[in-house]
Amino acid sequence: MLKYISRRLAYGLAILVGVNLLTFFLFFSVNTPDDMARLNIGGKRVTQEQIEKWKAERGYDKPLYWDAARQGTERLTHTVFWERSVSLMMLEFGRSDARQAVDIGHEVKVRMGVSLQLAVPIFILQLIISVAFALLLTFFRNSRIDFWGVVLCVLMLSISSLFYIIVGQYFFSRVLRLVPINGYEPGLDAIKFLALPIALSLLSRLGGEARLYRAMLLEEVGKDYVRTARAKGLSEPVVLMRHVLRNALIPIITSAGAYLPYVFLGSLVFESFFGIPGLGAFVIEAITGQDFAIVRTMVFLGALLYIASNALIDVVYTWVDPRVRLT
Amino acid sequence: MGFKIVILWTDVALWALAAVLVGYIVRLVRRPHLRANWQRVLRDPAALSAGVVLSLFVLVTALDSLHFRRALADSPAGERFYETRTESVLDLLLSRQIEMRETSYSAPLAYQGFNKDSVAHGSEVVREFPRLAFGGAHLSDPATEWTGDLIRRALSGLAGGALAAVLMAAAMAAILAPSHGGWRHGLRDLLKDRTHYPWRAALLTLTVVALLAGPVIALMGHYHVFGTDQTGNDVLYQSLKSIRTAFVIGALSTLATLPFALVLGILAGYFKGWVDEVIQYFYTVLTSVPNVLLIAACVLMVQVFLDKHPEAFETGAERADLKIFLLCVILGVTGWATLCRLVRGETLKLRESDFVQAATAFGVSDSRIMVRHIVPNVMHLVLISLVLNFSDLILYEAVLTYVGVGVDPTMNSFGGMINLARSEMSRDPLVWWSFAAAFAFMVSLVLAANLFADGVRDAFDPRSRKLRPQVLSLKARKAQAATQAAQNKQGA
């Protein structure tokens, strides 16, 4: 187990270095720090002085990858890439490029809490509701209920989540006035702001997920051990809940686990639509404001969470299925 | 009047894709064993109907993918100047819709504007809903004539649609005639769904389309059937233009994933060892970055590049087109990991199979084995994932455009329409028609793509067939049980 964990950690670190290289290369291969400065300062007449000042304040006044003027290891370490990457790896995110007053680390901490409030209920309820719906369809397989259920799923997954949001917001907030249109308040008041986005997010993903889980369940239903269970005289609900569901859990967990990073990063669309100040909204602001420091931090965080959630899924496997051993 | 053909990047890609498709069809016709799976797709009524709808969308896309610029009438003889506006053949067909530009919002089929305005009646100025410049402009007294005119036009359109449906039924019967013993039998078998392919479903789909399109076509010369947007542009025209954008994103992005996924997946699976390790590392790095973020980062980069080089484009259309083309490339480059993993797995399995072992024993080179034996045997996976991806990408485009990293704002797209609809839905009174039009077109496109993809998956992946909800087999089983019971009774 210890060997497994250490190998896993080393691979995770290698991936993070790769992600770092990739994003750095993406940003700086096309745009020089000068372009970024010009973009951020804005205005028609930007002097070279202003640009130099902007760069010096943010540490972009060094060479990007290689400093030929220096000696020894400083050639490598006295570069933008080295300084930025090392600080990211140490989880020191620094300050926003556009607004120096914004401490990214602090923002991430505050906003992640808000995102979690939205995303944790979504994640848990999503799993329960989708699996329950899929179980229902599996129970009634080869019947009209199954057929029309799948038709409904296909129809639902053909509708863009944006439509669910706009119609839901219009209907529940404007016509029925059940919940506020958008906004957020901390504490218990958050519930009334979060209820609608949670419900709409569940609805928008139900079709696709239920259909997927139904396929996974049906895959198991066809197997011999299920026939044996039935032959023992077990009732269909017991067969489904105790045998089929347990064995279908591995693929279900794998596909649900893919959403784990988004639990922390928040949903870009839902947060910005409902004015919830989570990480998703933060990213959208950064994208529209072309703030590279924030976008890079979020990419790094996303990768970190992906690696962590994959490790978590592996641990859950051993718990769900004793046959799986981590070696 | 002359014109200059404008060749946009996406046009080239789309027509090249069409050429490849035609080549593939020719190959299919010559090889019966390849044809069998596609025949299975066509025998699925849902997939066939979806295919019919998709081909209508393809037709619109094709018409919208032939671009040109008109010559200016007053250019001096020696030198030709061209308009800055780039038009397509679809624009030519819908030129009346482009000309019918109002000043602001107007509801579907309206003859009055949506907002009150100061209108001069002689010397007196009154605040009222102004008459539209084009919508219902032919009516002299709209208050009394409007309803009658609408009904008359809609009915004539319906009649035209019905006539078209009857003609199509007759044409199908004529085609079926030789194999069904005369056109009368052909028609009867067609209507009773006793044909080899489910032609009745296709006919039904076409009839529905004809009945919907008939009234729209009959009305669109004199009214804005889907209303107008804030700047007075016809929403029907915008929706039709958005189809091409959706298609370009769906088709070209899936295509752009292909080279990476196929080549790297096969290399990883075939050579194993360090090649596999390196390629796996690559796609893990890519997949570990949340997709939207990676795409946003790439699009930002491209955006700055385009801003820095304004001299590279003659017209705004070319700029918007290059942007969408690059977006497709980005979606492709960031999205190949899943398919690559699938191809790698399949290749790992295939390289141990007998025919590959035999080829290796005969001394066939690695590259030849990969091209001749592995590639054809992973193509079904590629095909399934391509068609399944298509609809996802269309939905994705809307989200990306909403986030601000999608297509150019000057380009018509469903994402752009939804984005605008967001503020329109909070107006009072409500402006709902752009949103409804985007919804109707987008759902029919994505639904058709999904149903067709399901058909393809069922046909090419036998394992998925048993996951299909089957009411029909249930019916058949019940019927069988009933006959068996009857026989038993007789026996007793």
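Residues numbered from 1 in each chain as written. Chains lettered and ligands numbered in written order. Predicted model: local features only at pLDDT ≥ 70, side-chain atom pairs only at ≥ 80, totals over all residues. Heavy atoms only, no water.

## Some points on the UniProt feature "domain: ABC transmembrane type-1" (unreviewed entry) in chain B
Inference 1: Sites flagged by UniProt as "domain: ABC transmembrane type-1" (unreviewed entry) map to residues 243–453 of chain B.
Inference 2: Secondary structure across residues 243–453 of chain B comprises 82% helix and 0% strand; the distance between its end C-alpha atoms is 18 Å. (UniProt positions renumbered as here; feature names shortened; annotations may be inferred. Helix = DSSP H or I, 4+ residues; strand = E, 2+ residues; numbered from the N terminus.)

## What about the environment of M370(B)?
All names here are of chain B.
Inference 1: Looking at the secondary structure, you find M370 in helix α15 (residues 366–403).
Inference 2: Along the backbone, M370 and A448 are 78 residues apart, and their C-alpha atoms lie at a distance of 35 Å.
Inference 3: When neighbours within four sequence positions are excluded, M370 is seen to be in contact with I266, L267, Y270, F271 and V375. (Contact = heavy atoms within 4.5 Å.)

## Focus: the side chain of S143(A)
Inference 1: As for its position among the elements, S143(A) is in the loop between α6 (104–139) and α7 (144–157).
Inference 2: One polar contact links the side chain of S143(A) to the main-chain amide nitrogen of I145(A), over a distance of 3.3 Å. (Polar contact = N/O pair within 3.5 Å; in protein donor to acceptor, adjacent residues only side chain to side chain.)

## Some thoughts on the sheet that holds strand β2 (residues 67–70) of chain B
Residues and elements named next belong to chain B.
Inference 1: One open sheet holds the 3 strands; their spatial order is β1-β2-β3, and the pairing between them is antiparallel. With one partner strand each, in any of the chains shown, β1 (3–6) and β3 (87–88) form the two edges of the open sheet.
Inference 2: Sheet topology note: the β1/β2 ladder contains 4 bridges and is antiparallel. The partner of I5 across the bridge, within β2, is F68. (Pairing = 2+ DSSP bridges.)

## Notes on the packing of helix α8 (residues 161–175) of chain A against helix α17 (residues 433–460) of chain B
Inference 1: Between α8(A) and α17(B), whose axes approach to 11 Å, the crossing angle comes to 145°. Relative to α17(B), the crossing made by α8(A) is left-handed. From α8(A), F163(A), I166(A) and V167(A) reach across to α17(B), where they touch F435(B), A438(B), F439(B) and M442(B).
Inference 2: Along the lines of polarity and charge, the residues of the contact of α8(A) with α17(B) split into 7 nonpolar, no polar and no charged. (Axes fitted to C-alpha atoms, helices over the stretch in contact; angles between N-to-C directions. Left-handed = near helix turned anticlockwise from the far one by under 90°. Nonpolar A, V, L, I, M, F, W, Y, C, P; charged D, E, K, R; others polar.)

## Quick notes on the interface of chain B and chain A
Inference 1: The interface is formed by 57 residues belonging to chain B together with 54 residues belonging to chain A.
Inference 2: Summed over both sides, the interface between chain B and chain A buries roughly 5,000 Å², with carbon and sulfur atoms accounting for 72% of that surface.
Inference 3: Taken together, the links from chain B to chain A amount to 1 salt bridge.
Inference 4: Where D454(B) meets R211(A), a salt bridge forms, and the shortest distance between an N and an O atom there is 2.8 Å.
Inference 5: On inspection of chain B and its partner chain A, the count reaches 6 residue pairs in polar contact (both at pLDDT 80 or more).
Inference 6: Those elements that place two or more of their residues in the side of chain B that touches chain A are α10 (273–288), α11 (291–308), α15, α16 (414–424), α17 and α19 (471–491) of chain B.
Inference 7: Split by residue class, the side of chain B that touches chain A holds 36 nonpolar, 9 polar and 12 charged. (Buried area = accessible area lost by both parts, 1.4 Å probe. Salt bridge = Lys/Arg side-chain N within 4 Å of Asp/Glu carboxyl O.)

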